[in-house]
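# Residue-level structure breakdown
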Amino acid sequence: MPDGRPCASRVFVVLLAAGRSSRMGKTGASKLLAEFDGIALVRRSAQVALGSTADAVVVVTGHRRLEIEAALEGMGIESVDNPLYESGMATSLAAGVSRCRDRVADAILVMLADMPGLISDDLDQLIAAFRSTDGEVVVRAMGAGRPGNPVIIPKSLFEAVAQLEGDAGARRVIEASGLPVVQVEIGQAALLDVDTPEAVRAAGGTLKA
């Protein structure tokens, strides 16, 4: 395993790619299908996840599922459909956690698919930080001292996360758990997401219909 231990924790990436891109406005474009260097953002994000030291990658789809899955064709990534995606991010997170729990993951790294600045080394820093502990911690990426994403959630919180509803993320579960939070500085990549057409273009992306 990457840290040299014979029984390193099994960390799975849950790549959240089910959202409606509601802030893209009247363009009707999907931010996840926007191209960066000729590659759809969702595929680029999946490449980053696959290039990391994570043990597996599970992508959660919903809105424009067939197009998202087509953009991921040939990558060998396990896909989980979230039919409740319109209810908010929590349902996608719950769907991903449930699948990883079934596959006996020790932790999940929650990765948003709309963060073009992330590289595999960023994920590896988070995973290494988690694997250096007893597994009863939360690991959060920081950007210039500000909390950002991705976040690693240990299996002791899986049940609570799987019960989340609506548009809430895992923050309230993390806060209620009382677990220590290990902060890992990875720079501005932890803070950069592309929720609007302007943000996509500013980050170097090209919108597709």
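A short tour of the structure in this document, coming up. Just so it is clear, the model here is predicted, and its values are computed rather than measured.

### Considering the pattern of salt bridges
Taken as a whole and assessed by the stated rule, the structure comprises 11 salt bridges. For the salt bridge of Asp114 with Lys31, the shortest nitrogen-to-oxygen distance reads 2.8 Å. Of this pair, Asp114 sits in the loop between strand 6 (107-112) and helix 4 (120-131) while Lys31 sits in the loop between strand 1 (11-17) and strand 2 (35-36), and the two are 83 residues apart along the sequence. Here Asp55 and Arg131 are joined by a salt bridge, their closest N and O atoms 2.8 Å apart. Residue Asp55 is located in the loop between helix 1 (41-50) and strand 4 (56-61), and its partner Arg131 is located in helix 4; the two are separated by 76 residues in the primary sequence. Using a relative accessible area of 32% as the deciding quantity, one classes Asp55 as partly exposed. In this structure, a network of salt bridges that share partners links the residues Lys31, Asp114 and Asp195.

### Notes on the pairing of strand 8 (residues 146-154)
As paired strands, strand 6 and strand 8 are joined by four bridges and run antiparallel to one another. Considered in strand 8, the bridge of Val110 is made with Val151. Pairing of strand 7 (residues 138-143) with strand 8 involves four bridges; the strand directions are antiparallel. Its bridge partner lying in strand 8, Arg140 is registered against Val151.

### Notes on the environment of Gly166
Of note, Gly166 is situated in the loop between helix 5 (158-162) and helix 6 (171-177). Residue class for Gly166 comes out partly exposed when judged on its relative accessible area of 24%. In this structure the C-alpha to C-alpha distance between Gly166 and Glu86, which are 80 residues apart in sequence, comes to 8.8 Å. If we ignore the near neighbours within four places in the chain, the residues touching Gly166 are Ser87, Gly88, Met89, Ala90 and Thr91.

### Focus on the sheet that holds strand 7
Here we have seven strands laid out as an open sheet, ordered 5-4-1-6-8-7-9, and mixed in their pairing. Two strands in the sheet have a free side with no partner beyond their single neighbour: strand 5 (78-81) and strand 9 (181-185). Within this sheet the neighbouring strands show an average axis-to-axis angle of 30°, counted without direction. Relative to strand 9, strand 7 is paired through five bridges, and the arrangement is parallel.

Basis of the calculations
- Numbering of residues begins from 1 in every chain and follows the order in which that chain's sequence is written.
- Predicted model: local features are reported for residues with pLDDT of at least 70 only, side-chain atom pairs are reported and counted for 80 or more only, and whole-chain, interface and lining totals are derived from all residues.
- No hydrogens and no water enter the side-chain calculation; it runs on all heavy atoms of the structure.
- Each reported salt bridge corresponds to a side-chain nitrogen of Lys or Arg within 4 Å of a carboxyl oxygen of Asp or Glu.
- Labels follow the DSSP assignment, with helices taken as runs of H or I lasting at least four residues and strands as runs of E lasting at least two, numbered in each case from the N terminus.
- Under the scheme applied here, a residue whose accessible area is under 20% of the maximum for its type counts as buried, over 50% as exposed, and between as partly exposed, the area being computed with a 1.4 Å probe on protein chains only.
- DSSP calls a pair of strands paired once it identifies at least 2 bridges connecting them.
- Residues count as neighbours in contact if any of their non-hydrogen atoms are within 4.5 Å of one another.
- To get an axis, a line is fitted to the C-alpha atoms, and for a helix only the part in contact is used. The angle between two axes follows their N-to-C directions and goes from 0 to 180 degrees.

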